[in-house]
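# Coordinate analysis (summary)
Residue strings, one per chain:
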Amino acid sequence: QVQLVESGGGLVQPGGSLRLSCAASANIRIRSIYAMGWYRQAPGEPRELVALITSGGMTTYADSVKGRFTISRDNANNTVTLQMNSLKPEDTAVYFCYADQVVADMTGDYWGQGTQVTVSS
C-alpha cells in the first residue's frame, strides 16, 4: 500500500508564503511515479487542480496560481513540494497531495489526507 504524507499547512497572512511537502512511501519499493501534484478544495466547492509535475519535469498550473506558486519534485525520493507565495484569502482550502500512476507491486493513483491552508489577517 502506498501512502502520501503531507506537511506544511497552516495559517498565514495575506501576502505571506507557505511551503507544502508530500512524500510517497510504501513497504515495498516504488519503481516510478508518472506525476505528482496538488489539488485543493474549499468549503462548498469541488476539488480543483493547483499544480502538477511529471517525472520528466513538465508542469501544469491553475491560472489562479500562475506566477505565485512553484511546484518541484525529487524523483529519487518520491517527494513533491509546492512553494506558495503572495498568498490570498481565496487560496484558503484543504490541499491534497496526488500521485498519478504509482508503480509498486501494482499500479494505481493515490491521494494524501489533506492539509489545511488558511490565508487570513
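Residues numbered from 1 in each chain as written. Predicted model: local features only at pLDDT ≥ 70, side-chain atom pairs only at ≥ 80, totals over all residues. Heavy atoms only, no water.

### Comments concerning unusual backbone geometry
In this structure, Asn 78 takes a positive phi of about 55 degrees despite not being glycine. By secondary structure assignment, the location of Asn 78 is in the loop between β7 (69-74) and β8 (79-84). With a phi angle near 50 degrees, Ser 86 is a residue other than glycine that sits in the positive phi range. Its relative accessible area of 41% is what places Ser 86 among the partly exposed residues. (Helix = DSSP H or I, 4+ residues; strand = E, 2+ residues; numbered from the N terminus. Buried < 20%, exposed > 50% of the residue type's maximum accessible area, 1.4 Å probe, protein only.)

### Structural notes on the state of the cysteines
One covalent bond between the sulfur atoms of two cysteine residues makes up a disulfide. Evaluated as defined, the whole model comprises one disulfide. Here Cys 22 connects covalently by a disulfide to Cys 97, the sulfurs 2.0 Å from one another. Of note, the bridge from Cys 22 to Cys 97 carries an S-S torsion of about -85 degrees and is left-handed in sense. Taken together, the positions of Cys 22 in strand β3 (residues 18-26) and Cys 97 in strand β9 (residues 93-103) put the pair 75 residues apart, joining distant regions of the chain. In this pair, the class of Cys 22 matches that of Cys 97, namely buried. (Disulfide = S-S within 2.5 Å.)

### Quick notes on the packing of aromatic side chains
Within this structure, the stated rule accounts for three aromatic pairs. Geometrically, the ring pair formed by Tyr 39 and Tyr 98 is edge-to-face, given 5.6 Å between the ring centres and 80 degrees between the ring planes. Of the two residues, Tyr 39 sits in strand β4 (residues 32-41) while Tyr 98 sits in strand β9, which places them 59 residues apart along the sequence. Exposure remark for Tyr 39: the relative accessible area of 19% places this residue in the buried category. By relative accessible area, Tyr 98 is classed as buried at 11%. Seen from their ring centres, Tyr 39 and Trp 111 are 5.1 Å apart, and the 70 degrees between their planes marks the pair as edge-to-face. Of this pair, Tyr 39 sits in strand β4 while Trp 111 sits in strand β10 (residues 107-111), and the two are 72 residues apart along the sequence. In this structure Trp 111 comes out as partly exposed when scored by relative accessible area, which is 39%. Aromatic rings pair up to connect Tyr 39, Tyr 98 and Trp 111 into one cluster. The aromatic ring of Phe 96 is capped on one face by Arg 47, whose charged end is 3.7 Å from the ring centroid. (Phe/Tyr/Trp six-rings, centres within 6.5 Å; stacked < 30°, edge-to-face > 60°. Lys NZ or Arg CZ within 6 Å of the ring centre and 35° of its normal.)

### Considerations on the side chain of Arg 68
Following the sequence through the fold, Arg 68 ends up in the loop between β6 (59-61) and β7. Overall, the relative accessible area of 11% leaves Arg 68 in the buried class. Apart from residues lying up to four places away in sequence, Arg 68 is in contact with Gln 83, Met 84, Asn 85, Ser 86, Leu 87, Lys 88 and Asp 91. (Contact = heavy atoms within 4.5 Å.)

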